[in-house]
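So you can see what is in the structure, the chains are spelled out below.
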Amino acid sequence: MAFLEYHVSEKSFICGGLLVHEDFVLTAAHCWGSSINVTLRDHNIYQQERTQQVIPVRRAIPHPRYDHNKWVNAIMLLQLRRKAYLTAAVSPIRLPWRRELVKPGMVCSVAGWGHLGMNNPVAERLQEVDLEVQRDEECISRYKDYNTTTQICRETKKEEGSFFGDSGGPLV
Ligand SMILES: *[C@@H]1O[C@H](CO)[C@@H](O)[C@H](O)[C@H]1NC(C)=O
Ligand SMILES: *[C@@H]1O[C@H](CO)[C@@H](O)[C@H](O)[C@H]1NC(C)=O
């Protein structure tokens, strides 16, 4: 799990991400700013931790057909300035194979340091929740813009789920 901090016109924002290779992090396309730092294995973002590694980003590669108005192809690779040290606490996650599908009934995990509520600050420690994948029909009736080709439907839990600041983080 990667913690991302980036600047947009001197304001600071956070996102989540995943280490997919020694020097590549996968995140959301809008997690982009003039300077981006990645912290690997950061449990508490306000504390220096023995296992954490802070690495600046060399190059941001958003999807070439990213459309920020429609949130289509909202995905981005970040090439790190150096390779991460692979340790017991830091290792890349395996990406799914091309035909590997996430099916209704499977339980996935969502994690991040995003805001804990509308008027609450960002989480100090990494939060995680298990959410069950649901049939597309559930989301078709819930959201008018749900697209079965590009989206995965998952259950909504009261007061638990992803929120501002969790973007770019995983559903694994
Ligand atoms: C990234 O880290 C460097 C060095 O600590 C710092 O100067 C810079 O402001 C940081 N950038 C962000 C976006 O946090
Ligand atoms: C769903 O997404 C696919 C792939 O981007 C696109 O071709 C299709 O037009 C979209 N469907 C709707 C209803 O927007």
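Visitor: Looking at this structure, I do not really get the pattern of salt bridges. What am I missing?
Guide: It is possible for side chains bearing opposite charge to pair when their charged atoms get close. Evaluation of the coordinates by the stated rule reveals five salt bridges. Where glutamate 137 meets arginine 135, a salt bridge forms, and the shortest distance between an N and an O atom there is 3.6 Å. Looking at glutamate 137, the relative accessible area reads 47%, which means it is partly exposed. Note on arginine 135: relative accessible area 44%, which makes it partly exposed. Residue glutamate 138 pairs with arginine 135 through a salt bridge whose shortest N-O separation is 3.8 Å. Among the charged side chains, a salt-bridge network with shared partners connects Arg135, Glu137 and Glu138.

Visitor: So what exactly am I meant to see when it comes to the side chain of aspartate 23 here?
Guide: Relative to the elements of secondary structure, aspartate 23 occurs in the loop between strand S2 (11-21) and strand S3 (24-27). Polar contacts involving the side chain of aspartate 23 include one to the side chain of histidine 21, which spans 3.0 Å. For aspartate 23, the residues in contact, after removing those within four places along its chain, are Leu78, Gln79, Leu80, Arg82 and Lys83.

Visitor: Please explain the pairing of strand S7 (residues 107-112) as it appears in this structure.
Guide: As a general feature of sheets, a regular strand has side chains that alternate between the two faces. Of all the six residues making up S7, five are buried; the element is thus mostly covered by neighbouring parts of the structure. Pairing analysis gives six bridges linking S7 to strand S8 (residues 127-132), with the strands arranged antiparallel. Within S8, the residue paired with valine 107 across the bridge is glutamate 132.

Visitor: I tried to follow the pairing of strand S4 (residues 36-40) on my own but got confused; where do I start?
Guide: Most of S4 is tucked away, with four of its five residues classed as buried. Bridging between strand S1 (residues 2-8) and S4 involves five bridges; their strand directions are antiparallel. Each residue of the ladder has a partner; that of glutamate 5, found in S4, is asparagine 37. When S4 meets strand S5 (residues 53-62), the two strands line up antiparallel, connected through four bridges. The residue bridging threonine 39 from the neighbouring strand is valine 54, located in S5.

Visitor: Explanation requested: the nonpolar core in the structure shown.
Guide: Considering soluble globular proteins, one finds that nonpolar side chains tend to be buried as a cluster. Within the largest apolar cluster, 19 residues are counted, with the highest numbers of intra-cluster contacts made by Leu4, Val25, Val38, Leu40 and Leu78. At the level of elements, S1, S2, S4, S5 and strand S6 (76-80) are the ones that each hand at least two residues to this core. Each residue touching leucine 4, except ones within four places of it in the same chain, is listed here: Phe13, Ile14, Cys15, Gly16, Gly17, Val25, Thr27, Cys31, Ile36, Asn37, Val38 and Leu78.

Visitor: I would appreciate a short explanation of the sheet that holds S4 in the present structure.
Guide: For sheets, the rule is that strands pair by backbone hydrogen bonds, running either parallel or antiparallel. With antiparallel pairing, six strands are arranged side by side around a closed barrel as S1-S2-S3-S6-S5-S4. Between one strand axis and the next, the sheet turns through 40 degrees on average, direction left out of account.

Visitor: How should the site of ligand 1 be read in this particular structure?
Guide: Glu5, Tyr6, His7, Ser35 and Asn37 make up every residue found near ligand 1. With respect to ligand 1, the side chain of serine 35 contributes an N or O atom lying 3.1 Å from a nitrogen atom. Asparagine 37 is positioned with one of its side-chain polar atoms (N or O) 2.3 Å from an oxygen atom of ligand 1. Here ligand 1, which alone exposes 360 Å², has 47% of that area covered by the protein. At three residues, S1 tops the list of elements feeding residues into the shell around ligand 1. Partitioned by chemical class, the residues of the shell around ligand 1 number one nonpolar, three polar and one charged.

About the cut-offs
- Residues numbered from 1 in each chain as written.
- Chains lettered and ligands numbered in written order.
- Predicted model: local features only at pLDDT ≥ 70, side-chain atom pairs only at ≥ 80, totals over all residues.
- Heavy atoms only, no water.
- Salt bridge = Lys/Arg side-chain N within 4 Å of Asp/Glu carboxyl O.
- Buried < 20%, exposed > 50% of the residue type's maximum accessible area, 1.4 Å probe, protein only.
- Helix = DSSP H or I, 4+ residues; strand = E, 2+ residues; numbered from the N terminus.
- Polar contact = N/O pair within 3.5 Å; in protein donor to acceptor, adjacent residues only side chain to side chain.
- Contact = heavy atoms within 4.5 Å.
- Pairing = 2+ DSSP bridges.
- Core = buried A, V, L, I, M, F, W, Y, C linked by side-chain atoms within 4.5 Å.
- Axes fitted to C-alpha atoms, helices over the stretch in contact; angles between N-to-C directions.
- Near = heavy atom within 4 Å.
- Areas by Shrake-Rupley, 256 points an atom, 1.4 Å probe, with all protein chains shown as cover.
- Nonpolar A, V, L, I, M, F, W, Y, C, P; charged D, E, K, R; others polar.

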